[in-house]
Amino acid sequence: MTDQANAETIAENLSGVREQIRQSCERYQRSPDTVTLLAVSKTKPAEALKAAWQAGQRDFGENYLQESLEKQEILKDLDICWHFIGPIQSNKTRAIAESFQWVHSVDRLKVAQRLNDQRPEHLPPLNICLQINISEEATKSGITLTELPELAAQIAQMPNLTLRGLMAIPAPADTQQEQRKPFAALQAALFELKADHPQMDTLSMGMTGDMDAAIAEGSTMVRIGTAIFGARSYPA
Ligand SMILES: *Cc1c(COP(=O)(O)O)cnc(C)c1O
């Protein structure tokens, strides 16, 4: 595909996703401006992100630090809000603290402490979501709901971080009804936390396959890759 054709496809895909968000919001009686679309651009080249930006997209989610930093350098003149959504190795926290506005995948105190200590002083506090292993899968990152209140209380004390909300990647489910259960649990957990942390306003949940279920349960930020940029091919 030529770059031009590819750019047109991305622009069409984006407007399709926006329309789906609008329809889901209507179905669940929510205002469409309460759901932010995060374009997940892992493995995709800088030109693909630029095409999405030209079609009005401003929030981009990335999983791999080195890959993202290369794209950020190429796209540095564009007003993009960068979100880190991948697993975090503690030796990578400095670059994350310096180069992103949001981190959705914080799952331990040590990582939060380092992000706080390494956030440059000239930048506003880093927006943080705690990743919850909502389906309690042994292989998945994230904390349990039992561990959540203590970690939230600790992070809320850190001056260079703003605790914004919760993120989860539930196990795949066959039906819409099954998809909604873990999202409902995340929404309930946020509601409880808000009593102590009223600034928490973000539910980062919903991907290409379960966006409607997530919006039904109060998602405020859907993380969409495939439906915007097409399938990903990973190097073998
Ligand atoms: C890749 C990824 C997404 C996007 O998934 P799609 O199914 O392509 O929409 C969302 N969130 C996280 C954390 C991801 O790693």
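As annotated in an unreviewed UniProt entry, the protein chain carries the name Pyridoxal phosphate homeostasis protein and is attributed to Oceanospirillum sediminis. Under the UniProt heading Function (unreviewed entry), the entry covering the protein chain gives this text: "Pyridoxal 5'-phosphate (PLP)-binding protein, which is involved in PLP homeostasis."

Novice: Quick one: what's the story with the UniProt feature "domain: Alanine racemase N-terminal" (unreviewed entry) in the protein chain, residue by residue and with numbers?
Specialist: Residues annotated by UniProt as "domain: Alanine racemase N-terminal" (unreviewed entry) correspond here to residues 21-232. Annotated as 38% helix and 19% strand, the span residues 21-232 places its first and last C-alpha atoms 22 Å apart.

Novice: For the environment of Ala39, give the residues involved together with the corresponding values.
Specialist: Within the secondary structure, Ala39 is located in strand S1 (residues 36-40). Exposure remark for Ala39: the relative accessible area of 0% places this residue in the buried category. Taking the C-alpha atoms as reference points, Ala39 and Ala227, 188 residues apart in sequence, are found 9.3 Å from one another. Setting aside chain neighbours within four positions, we find Ala39 in contact with Gln57, Asp59, Phe60, Gly61, Ile224, Ile228 and Phe229.

Novice: Provide a residue-level description of the UniProt feature "modified residue: N6-(pyridoxal phosphate)lysine" (unreviewed entry) in the protein chain, including the pertinent values.
Specialist: With numbering aligned to this structure, UniProt lists the feature "modified residue: N6-(pyridoxal phosphate)lysine" (unreviewed entry) at Lys42. Structurally, the position occupied by Lys42 is in the loop between S1 and helix H2 (46-54). Setting aside anything within four residues of it in sequence, one finds Lys42 in contact with Gly61, Glu62, Asn63, Tyr64, Glu67, Lys71, Arg232 and Tyr234.

Novice: I'd like a rundown of the site of the ligand, residues and numbers included.
Specialist: Neighbouring the ligand are the residues Val40, Lys42, Asn63, Ile85, Ile169, Met207, Thr208, Arg223, Ile224, Gly225, Thr226 and Arg232. A distance of 2.8 Å is found between a nitrogen atom of the ligand and a side-chain nitrogen or oxygen belonging to Arg223. In this structure, an oxygen atom belonging to the ligand sits 2.5 Å away from a side-chain N or O atom of Thr226. For the ligand, the protein covers 90% of the area, taking 390 Å² as the surface of the free molecule. Taken together, the residues of the shell around the ligand break down into five nonpolar, four polar and three charged.

Calculation notes
- Residues numbered from 1 in each chain as written.
- Predicted model: local features only at pLDDT ≥ 70, side-chain atom pairs only at ≥ 80, totals over all residues.
- Heavy atoms only, no water.
- UniProt positions renumbered as here; feature names shortened; annotations may be inferred.
- Helix = DSSP H or I, 4+ residues; strand = E, 2+ residues; numbered from the N terminus.
- Buried < 20%, exposed > 50% of the residue type's maximum accessible area, 1.4 Å probe, protein only.
- Contact = heavy atoms within 4.5 Å.
- Near = heavy atom within 4 Å.
- Polar contact = N/O pair within 3.5 Å; in protein donor to acceptor, adjacent residues only side chain to side chain.
- Areas by Shrake-Rupley, 256 points an atom, 1.4 Å probe, with all protein chains shown as cover.
- Nonpolar A, V, L, I, M, F, W, Y, C, P; charged D, E, K, R; others polar.

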